[in-house]
Amino acid sequence: MTRSPHGVILFNPRSAEHKHRIPNSILQVAASIQNDRSFALVDGNRERDPWSTIRDHLASGRYRYFGTTVMPGPQLRQAVPFAHRAKQEFPEVTTIWGGYFAANQHRTVLSSGVVDFVIDGPGDEAFPALLACLDRGKDPVDVPNLIWTNAEAIIRNRKAALPDMDELAALPYAALDEVYPLHQYLGRTFMGERTLAYHSSFGCPFTCSFCAVVPIYKARWKGVSAERIAKDVKYVKDHWGADAIEFHDNNFFVSEKRSVAFSELIMDEGMGWWGEGRIDTLDRYSDDSLRIMRNAGCRMIFFGAESGDDEELARMDKGGTQSGEQILRFAARMAEFDIIPEYSFVLGFPASSEKEVLDRIDRDISFIRRVKEVNPATEIIIYVYSPVPTEGSELFDRVKQAGFHFPDKLTDWLDPVWENFDLRKNPLTPWLTHRAIDRIRDFETVLNGMYPTVSDIKLDQRKRRMLQQISRFRYRRGAYSRPYEIKLLQKLWRYRRPETEGFEML
Ligand code: B12
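In this text, all values refer to a predicted model and were calculated from it rather than measured experimentally.

Here the focus is the sheet that holds strand β2 (residues 39-43). Judged by pairing direction, the sheet is mixed, and its 7 strands sit side by side in the order β2-β1-β3-β4-β5-β6-β7 without closing on themselves. Of all the strands in the sheet, the pair left with one neighbour each is β2 and β7 (154-156). Neighbour-to-neighbour, the strand axes of the sheet open up by a mean angle of 20°, direction not taken into account. Across the face of the sheet, helix α3 (residues 76-89) comes into contact with β1 (7-12), β3 (63-69) and β4 (94-98) while running at roughly 165° to β4.

Now the structure itself:
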């Protein structure tokens, strides 16, 4: 096939972190078109003025397509204004968005008039097919995983089956390295000196109704083989000295066979690694499997515990066999294998009265304390429930009945209220009052004071002991209200919250 003369700009807007991970979203998209046409990677995390870089590329006339990856939160601060500028200054250029925000909020994105196409899920097949269509001036009626508009309506094309992940082209690490030295993306974390961010699977087999992955993947999951992961990881180790891995999959541990095979393949590489999984899935793993994973460097696993209340787990369609009793028992089991469980909880679901919302928050707080009694090393992540459009789920119906709705206009998402919503920090949903938010945040402050995360590697032993000393009295008495003295120290020492910025990376 002849190479197309029309290049693509692939932009990763700035996210809020100060040390950055490999932008796998745009890198994997680049892999899908690297044989057909030229591409320019622009990482907003590595550019002081990314718009001028993008504008220079567009002004060169070599690029007809402007692709941007967009997740909710800080990335919108660049993605939205840059789309407006591109449309104003280069009306002949076609703008394409992909990523979770774009797909889940496609109606608002397309009706903004500054984004022409939205990739709905994996772009590996959709994107090259879309560009080939547009090169020929054709309407992309047969391109899968695509949402677009014609004069009358918004059209959502058919969903493609998940790609055969081992068939996907290798990531163009060398091309990224030419623009942004790759070793600078491999920062020091609690697992190693040079931590690689790697994504080895799409989707998740479950349909928790608070999760933004569900509307896009609809309980489908597909992973790269253990052999391919090991080959890719060793390539980055050999070329750029990676000695630790963050697996960015939504659910890395779906297959025990794959997890063990991967562990055996990197057993002698001396690499530490982290990934995300489900408690009920890992609890079915044999002791041998967990031992092999630990010996192969598995240090910590992120789990969606969500709630210790079985009725609440049912109300959020957690599915599987997860229960409050299992969450506690599994925390103890993980201690036997010296793998740190990182439990995330979602607090602040809708209820019929403020009293009921507050009672449930207190219920979740006492459950989290029990987890800490069972295994004090358990890392705790607290999210405040921020609705995602899981249309048709009982939870999202309740949310709508309670009067919640997303912004109608794309630019409204830039409002700090909605950014806080995205960050799951302070989503002022109709049923959540300031008192409820304060109760969650104050407990979190005291908890993080009493048990600072191991992932904050800049917090030395002396600082940890001081935080614990001033938090112990409050934690023991459950006196969480207005913990300003702890907040002050956490601010002073820039305490790191992995859920918003990822692990501390120096
Ligand atoms: C890495 C990551 C981050 C990094 C930032 C990465 C960056 N871009 O610079 C950090 C740690 C900073 C981060 C932060 C947050 N994140 Co985040 N993040 C991820 C994570 C783990 C991996 C993303 C990734 O690289 N995937 C690998 C690539 C290959 O997959 P992909 O992105 O899906 O891309 C494919 C398709 O979507 C499509 N595509 C995607 N973009 C584009 C663009 C174009 C042009 C095209 C054609 C196609 C295309 O094609 C790609 C190849 O098939 C995802 C979960 C996940 N597994 O995807 C969560 C995720 C995107 N994050 C999420 C959230 C909510 C956040 C936070 C808001 C959390 C918080 N409470 O603060 C913050 C935002 C604050 C901030 N700091 O910006 C949610 C979004 C959910 C939602 N509501 O939409 C996710 C889905 C996690 C989850 N399961 O809930 N995040």
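So, about helix α18 (residues 434-450). Side chains that are three or four residues apart share a direction in an α-helix, a result of its 3.6 residues per turn. The end-to-end C-alpha separation of α18 is 24 Å, in line with the 24 Å expected for 17 residues at 1.5 Å each. Summarising burial for α18: 13 of the 17 residues are buried, a large majority.

So, about the domain arrangement of the protein. In terms of domain boundaries, the protein breaks down into domain 1 (7-156), domain 2 (186-401) and domain 3 (433-506). Computed from C-alpha coordinates alone, the two centres of domain 1 and domain 2 are separated by 29 Å. Contacts between domain 1 and domain 2 engage 14 residues on the former and 16 residues on the latter. Of the roughly 1,200 Å² buried where domain 1 meets domain 2, counting both sides, 58% is carbon and sulfur surface. When the area that domain 1 buries against domain 2 is broken down by residue, the three leading residues are Arg21, Tyr100 and Asn104, summing to 44%. Summed over the shared surface of domain 1 and domain 2, the number is 1 salt bridge. One salt bridge in this structure joins Arg21 and Glu246, with 2.8 Å as the shortest N-O distance. The interface formed by domain 1 and domain 2 holds 4 residue pairs in polar contact (both at pLDDT 80 or more) in total. Elements with a contribution of two residues or more to the side of domain 1 that touches domain 2: α1 (24-33) and α4 (100-104). Broken down by element, the side of domain 1 that touches domain 2 gets its largest block of residues, 3 residues, from α4. Its residues placed into classes, the side of domain 1 that touches domain 2 shows 4 nonpolar, 5 polar and 5 charged.

In spatial order, the strands read β8-β9-β12-β13-β14-β15-β16; together these 7 strands make up an open sheet with mixed pairing. Two strands in the sheet have a free side with no partner beyond their single neighbour: β8 (187-189) and β16 (379-384). Each neighbouring strand pair of the sheet contributes to a mean axis angle of 30°, computed without reference to strand direction. For strand β12 (residues 244-247) and strand β13 (residues 272-277), the ladder comprises 3 bridges, and the chain directions are parallel.

As a further point, take a negative patch on the surface. Taken together, the side chains of Asp164, Asp166, Glu167 and Glu227 present a region of like negative charge at the surface. Taking the relative accessible area as the measure of exposure, Asp164 reaches 43% and is therefore partly exposed.

A few words on the pairing of β3. Counting buried residues in β3 gives 6 out of 7 residues, a clear majority hidden from the surface. As paired strands, β1 and β3 are joined by 5 bridges and run parallel to one another. Each residue of the ladder has a partner; that of Leu10, found in β3, is Gly67. Both β3 and β4 contribute to a ladder of 5 bridges, which runs parallel. Across the sheet, Phe66 pairs through a bridge with Thr95, a residue of β4. Between the parallel elements β3 and β4, the chain passes through α3 in a crossover that is right-handed.

The next thing to look at is the packing of helix α9 (residues 226-240) against helix α10 (residues 256-265). Packing of α9 against α10 brings their axes to within 8 Å, and their N-to-C directions diverge by 35°. For the crossing formed where α9 meets α10, the hand is right-handed. Only Arg258, Ala261, Phe262 and Leu265 of α10 make contact with α9, whose side of the interface consists of Ala226, Glu227, Ile229, Ala230 and Lys234. Residue composition of the contact of α9 with α10, grouped by class: 6 nonpolar, no polar and 3 charged.

Analysis parameters
- Chains are numbered independently. Their residues run from 1 in the order of the written sequence.
- Residues qualify for local features only when their pLDDT is at least 70, as the model is predicted, and side-chain atom pairs are given and counted only at 80 or more; totals for whole chains, interfaces and linings, by contrast, use all residues.
- Excluding hydrogens and water, the side-chain values take into account all heavy atoms of the structure.
- Note on pairing: DSSP must find at least two bridges between two strands before they are called paired.
- Numbering goes from the N terminus for both helices and strands, where a helix is a DSSP run of H or I of at least four residues and a strand is a run of E of at least two.
- Structural elements are reduced to axes, namely lines fitted to C-alpha atoms, with helices fitted over the stretch in contact, and the angle between N-to-C directions of any two is expressed from 0 to 180 degrees.
- Contacts are assigned to residue pairs that have any heavy atoms within 4.5 Å of one another.
- By this rule the span expected of a helix is its residue count minus one, scaled by 1.5 Å.
- Remark: exposure states derive from per-residue accessible area (1.4 Å probe, protein chains only) relative to the maximum for the residue type, with buried under 20%, exposed over 50%, and partly exposed in between.
- What counts as a domain boundary in this text is fixed by an automatic or database domain assignment.
- Accessible area, probed at 1.4 Å, shrinks when two parts are joined; the buried area is that loss added up over both.
- Here, a salt bridge means any Lys or Arg side-chain nitrogen found within 4 Å of an Asp or Glu carboxyl oxygen.
- Pairs of N or O atoms within 3.5 Å make up the polar contacts considered here, provided that, within protein, one atom can donate a hydrogen while the other can accept it, and that residues adjacent in sequence are counted only when both atoms are side-chain atoms.
- Polar here means any residue outside two lists: the nonpolar Ala, Val, Leu, Ile, Met, Phe, Trp, Tyr, Cys and Pro, and the charged Asp, Glu, Lys and Arg; Gly therefore counts as polar.
- A patch consists of residues exposed above 30% relative accessible area that lack any salt bridge, with like charges linked at up to 9 Å and nonpolar side chains (Val, Leu, Ile, Met, Phe, Trp, Tyr) linked at up to 5 Å.
- For every accessible area listed, the method is Shrake-Rupley and the probe measures 1.4 Å; residues are considered covered only by the protein chains on display.
- Neither His nor the chain ends is counted toward charge; the positive residues are Lys and Arg and the negative residues Asp and Glu.
- Taken as the charge centre is NZ of Lys, CZ of Arg, CG of Asp or CD of Glu, depending on the residue.
- Call a crossover right-handed when, viewed with both strands pointing away from you, the route from the first strand across the helix to the second goes clockwise.
- The handedness criterion is simple: a crossing whose near helix is rotated anticlockwise from the far helix by less than a right angle is left-handed, and one whose near helix is rotated clockwise is right-handed.

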